[in-house]
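# Overview (structure and organization)
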Amino acid sequence: QVQLVESGGGVVQAGGSLRLSCVTSGFTMSLDDMAWYRQVPGGKREYVAGVRRDMSTNYANSVKGRFTASRDNAKKTVYLQMNSLKPEDTALYYCAATISSSSHDYRDYNYWGQGTQVTVSS
């Protein structure tokens, strides 16, 4: 069965750092583009960062320069290093996978994790 399991979330002070991990199984991650999304209660699912199958990356303007996405296909794991965290980064962070290329549309993603909560206090 396909699984994406996020971890690494927690509560940090503004300016702090966290590293999220997404361990995948049940599919060939190397064939997919991977992405991180986030969502607050009642809010829209927002694109945060992506690591494509060719290892290129993309970031939302709101996190550019602060977050770094990476992937290790051998470990079937995706990472999101989050630095200089702000209270507005508080959200449930999801890992997702798609066979579609270069998509920022959540509707194009085939597989989703359950999310890991990131809370940034001021």
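Our subject is the structure listed above.
Below or above, wherever it landed, is the structure these notes cover.

### Notes on the pattern of salt bridges
Counted by the stated rule, this structure contains five salt bridges. Note that Arg 66 is salt-bridged to Asp 89, the shortest N-O span being 2.7 Å. One end of the pair, Arg 66, is in the loop between β6 (57-59) and β7 (67-72); the other, Asp 89, is in the loop between β8 (77-82) and β9 (91-98), with 23 residues separating them in the sequence. Take Arg 66: its relative accessible area is 11%, and that puts it in the buried class. The class for Asp 89 is buried, based on a relative accessible area of 1%. Overlapping salt bridges, with partners in common, bring together Arg 38, Glu 46, Arg 66 and Asp 89 in one network.

### Remarks on the pairing of strand β1 (residues 3-7)
Side chains Leu 4 and Glu 6 of β1 all project onto a buried face; the interleaved residues Gln 3, Val 5 and Ser 7 project onto a face where none is buried. Sheet topology note: the β1/strand β3 (residues 18-25) ladder contains five bridges and is antiparallel. Each bridged residue has a counterpart across the sheet, and for Ser 7 the counterpart in β3 is Ser 21.

### Structural notes on the packing of aromatic side chains
For the structure on display, the rule yields six aromatic pairs. With 5.5 Å between their ring centres and 85° between their planes, Tyr 37 and Tyr 47 make a pair best called edge-to-face. Taken together, the residues span a long stretch of sequence, with Tyr 37 in strand β4 (residues 33-39) and Tyr 47 in strand β5 (residues 46-51) at a distance of ten residues. Connected via pairs of aromatic rings, a cluster forms that spans Tyr 37, Tyr 47, Tyr 94, Tyr 109 and Trp 112. In this structure, Arg 45 is placed above the aromatic ring of Trp 112, and the distance from its NZ or CZ to the ring centre is 4.6 Å.

About the criteria used
- Residues numbered from 1 in each chain as written.
- Predicted model: local features only at pLDDT ≥ 70, side-chain atom pairs only at ≥ 80, totals over all residues.
- Heavy atoms only, no water.
- Salt bridge = Lys/Arg side-chain N within 4 Å of Asp/Glu carboxyl O.
- Helix = DSSP H or I, 4+ residues; strand = E, 2+ residues; numbered from the N terminus.
- Buried < 20%, exposed > 50% of the residue type's maximum accessible area, 1.4 Å probe, protein only.
- Pairing = 2+ DSSP bridges.
- Phe/Tyr/Trp six-rings, centres within 6.5 Å; stacked < 30°, edge-to-face > 60°.
- Lys NZ or Arg CZ within 6 Å of the ring centre and 35° of its normal.

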